[in-house]
Amino acid sequence: MSAAPAPPVLSKRKIQRISLANFETRKDDITKQLMEAATDLGFFMIEDTGISQAEIDSMFARGAQFFALDDKVKAAVPCDPATFVGWERDAEVSPATGFADHKESIQVAYDQRQWGSHWPVDDNCPGFRDEALTFMGDCESVVHKLLECFAIGLGMPYEDFKKALDNSAQDCNSAMRFMNYYDVTGRTFPTGHMRVMPHTDMSALTLLFQRVGETGLEVCPGREATTEYAMGDEWTPCNPQQGAITVNIGDALMYWSDDKLKSNFHRVRAPNPGEYQKQRCSIAYFCQPCLSAVCQGPLKKYPPITGQQMAESRYMELDWLKGHEAKQAAAKGIAGHKLPISVA
């Protein structure tokens, strides 16, 4: 019998916390801080965003309202495997352990692409759709402040980002996902079991809302400045902080920046005995290029790619993962070939 793999080393590497207060007058300073964080760990936290804690708490309450419904009711808005929009539960099974991910989620999107049917009906969740769309708009406003700074730091016209990441466009591909990780108090899991396998996000930027005390998210700083996997041994906990939103660079922005900004691997680790094991909830806003958008970095390191091509690459490689290479990928500690599904 082979020995169990050694547990990963947890790093104390610091995740920067950046204030967006007085944005217009501090834009140069904020840009400097964002570029430092994005070219290093690819993860950082922001505060003074204009989104209040009351708004965030209300959005978590909306998610809880939906997740409290009977599964038969939630199944009326099933996840579309082509877009990941809709509800699913225990849908991701670790190839390495055979265990399901012990969570449920519902992903929602803007209505321009006629995805209206994925929303919970008002009879079951009064006001869910309207409040979620308002919150998504607030997230978009924050994202574009960050993009304005990254455009400055990269020497790119902000208008390029503004047009390609327009949430009012007919082919907008941005989305928001509510996640409910079940209470697993008293349960034990095989060594190396993950609630979410290591992955990168397809997005340009991801805003992640977490609740203080609900730990498990970790980021691996070992990815080099290429789009190939370069896994390291050390994982840095990214625990939620009061008043802060977690942000990470996605594959689209890494491609767009000629690999200057880092889309690093992250995961949600199954809790060990003595760690927080109760319910864990999070909300992720994925700002993703419009399907017709054309993305290419200022140095033209890579050929132009459309948002549609990026999305199709993710779907194809997710299918690849589910095929005959899945066990090999899991054995290497990765979730796919290049563009694993966006979850946190």
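Above this text is the structure in question.
Quick look at the structure, then. All chains use their own residue numbering, which begins from 1 and follows the written sequence. The predicted nature of this model means local features are confined to residues of pLDDT at least 70 and side-chain atom pairs, given and counted, to a pLDDT of 80 or more, with totals for whole chains, interfaces and linings taken over all residues. Only hydrogens and water are set aside when side-chain values are computed; all heavy atoms of the structure are taken into account.

**Description of the pattern of salt bridges**
(1) Moving on: Salt bridge criterion: a side-chain nitrogen from Lys or Arg within 4 Å of a carboxyl oxygen from Asp or Glu. Summed over the entire model, instances satisfying the criterion amount to 17 salt bridges.
(2) Moving on: Its salt-bridge partner being arginine 26, residue aspartate 29 comes within 3.1 Å of it at the nearest N-O pair. Here aspartate 29 and its partner arginine 26 are both found in helix α1 (residues 23–38), three residues apart, which amounts to about one turn of the helix.
(3) Moving on: Accessible area is worked out with a 1.4 Å probe on protein chains only. A residue is then buried under 20% of its type maximum, exposed over 50%, and partly exposed in between. Assessed through its relative accessible area of 38%, aspartate 29 is described here as partly exposed.
(4) Moving on: Linking aspartate 259 and lysine 301 is a salt bridge whose minimum nitrogen-to-oxygen distance equals 2.9 Å. Pair noted here: aspartate 259 is in the loop between α6 (251–256) and β12 (265–269) and lysine 301 is in the loop between β14 (294–295) and β15 (305–306), with a separation of 42 residues, a long-range link. Helix and strand assignments come from DSSP, with helices taken as H or I runs of at least 4 residues and strands as E runs of at least 2, each series counted from the N terminus.

**A closer look at the environment of proline 298**
(1) Moving on: With respect to the secondary-structure elements, proline 298 resides in the loop between β14 and β15.
(2) Moving on: Judged by its relative accessible area of 38%, proline 298 is partly exposed.
(3) Moving on: Residues proline 298 and glycine 155 lie 143 residues apart in sequence; the distance between their C-alpha atoms is 7.6 Å.
(4) Moving on: Those residues in contact with proline 298, other than ones at most four positions away along the chain, are Leu154, Met156, Trp256 and Asp258. By definition, residues are in contact when any of their heavy atoms lie within 4.5 Å.

**Focus on helix α2 (residues 53–67)**
Along an α-helix, a turn takes 3.6 residues, which lines up residues three or four apart on a common side.
(1) Moving on: Given a helix with a known number of residues, its expected span is that number minus one, times 1.5 Å. A rise of 1.5 Å per residue sets the reference length of α2, with its 15 residues, at 21 Å; its end C-alpha atoms lie 21 Å apart and thus fit the reference within 8%.
(2) Moving on: Within α2, burial applies to Ile56, Met59, Phe60, Arg62, Gly63, Phe66 and Phe67. End-on view of α2: buried residues confined to an arc of 150°, all on one side of the axis. Directions pointing from the helix axis toward each C-beta atom define the arc.

**Side note on the side chain of arginine 177**
(1) Moving on: Positionally, arginine 177 belongs in strand β6 (residues 175–181).
(2) Moving on: The exposure class assigned to arginine 177 is buried, which follows from its relative accessible area of 3%.
(3) Moving on: We call two N or O atoms a polar contact when they sit within 3.5 Å, provided that within protein one can donate a hydrogen and the other can accept it, with sequence-adjacent residues counted only if both atoms are side-chain atoms. A polar atom in the side chain of arginine 177 sits 2.7 Å from the side chain of glutamate 88.
(4) Moving on: Within the local environment of arginine 177, its side chain forms a polar contact with the side chain of serine 105, the two groups lying 3.1 Å apart.

**Points about unusual backbone geometry**
(1) Moving on: One non-glycine residue, asparagine 22, adopts positive backbone phi at about 50°.
(2) Moving on: By the element assignment, asparagine 22 lies in the loop between β2 (17–19) and α1.
(3) Moving on: On the accessibility criterion, asparagine 22 (57% relative accessible area) is exposed.
(4) Moving on: At aspartate 48, a residue that is not glycine, the phi angle is positive and equals roughly 55°.
(5) Moving on: Position of aspartate 48 relative to the elements: it lies in the loop between β3 (43–47) and α2.

**Focus: the packing of α2 against helix α4 (residues 128–154)**
(1) Moving on: Running from N to C, α2 and α4 cross one another at 140°; their axes reach a closest spacing of 11 Å. If you check the angle between α2 and α4, you find them oblique. Between α2 and α4 lies a crossing whose hand is left-handed. The segment α2 lies against α4, with Glu55, Ile56, Ser58, Met59, Arg62, Gly63 and Phe66 engaging Phe128, Glu131, Ala132, Phe135 and Asp138.
(2) Moving on: Under the scheme applied, nonpolar residues are Ala, Val, Leu, Ile, Met, Phe, Trp, Tyr, Cys and Pro; charged residues are Asp, Glu, Lys and Arg; polar residues are all the others, including Gly. For the contact of α2 with α4, the per-class residue count stands at six nonpolar, two polar and four charged. Fitted lines through C-alpha atoms give the axes, limited to the stretch in contact for helices. The angle between two N-to-C directions lies from 0 to 180 degrees. Note that the term roughly parallel is reserved for angles under 35 degrees, roughly antiparallel for angles over 145, roughly perpendicular for angles of 65 to 115, and oblique for everything else. Crossing chirality is assigned from the near helix's rotation relative to the far helix, an anticlockwise turn below a right angle marking it left-handed and a clockwise turn marking it right-handed.

**Focus on the nonpolar core**
(1) Moving on: Judged by nonpolar contacts, the single largest core of 67 residues is most densely connected at Phe150, Met176, Leu207 and Phe209.
(2) Moving on: Discounting residues that sit within four places of it in the chain, phenylalanine 150 has contacts with Leu34, Met35, Ala38, Phe44, Phe161, Leu205, Ile249, Leu253 and Leu261.
(3) Moving on: Throughout, nonpolar core names a set of buried Ala, Val, Leu, Ile, Met, Phe, Trp, Tyr and Cys residues whose side chains join them through atoms within 4.5 Å. By size, the runner-up hydrophobic cluster in this structure holds 15 residues, among which are Phe43, Val196, Leu217 and Val219.

**Details of the packing of aromatic side chains**
(1) Moving on: Each pair of aromatic rings taken from Phe, Tyr and Trp, with Trp reduced to its six-membered ring, is defined by centres within 6.5 Å and is described as stacked if the planes are under 30 degrees apart, edge-to-face if over 60, and tilted in the remaining cases. By the definition in use, this model includes eight aromatic pairs.
(2) Moving on: Ring centres of phenylalanine 161 and tryptophan 256 lie 4.9 Å apart, and the angle between their planes is 85°; on these two criteria the pair is classed as edge-to-face. Separated by 95 residues along the polypeptide, phenylalanine 161 in helix α5 (residues 158–164) and tryptophan 256 in helix α6 bring together distant segments of the chain.
(3) Moving on: The buried category is assigned to phenylalanine 161, whose relative accessible area is 0%.
(4) Moving on: Taking the relative accessible area as the measure of exposure, tryptophan 256 reaches 2% and is therefore buried.
(5) Moving on: Consider the rings of tyrosine 255 and tyrosine 302, whose centres lie 5.0 Å apart with planes at 25°: the pair is stacked.

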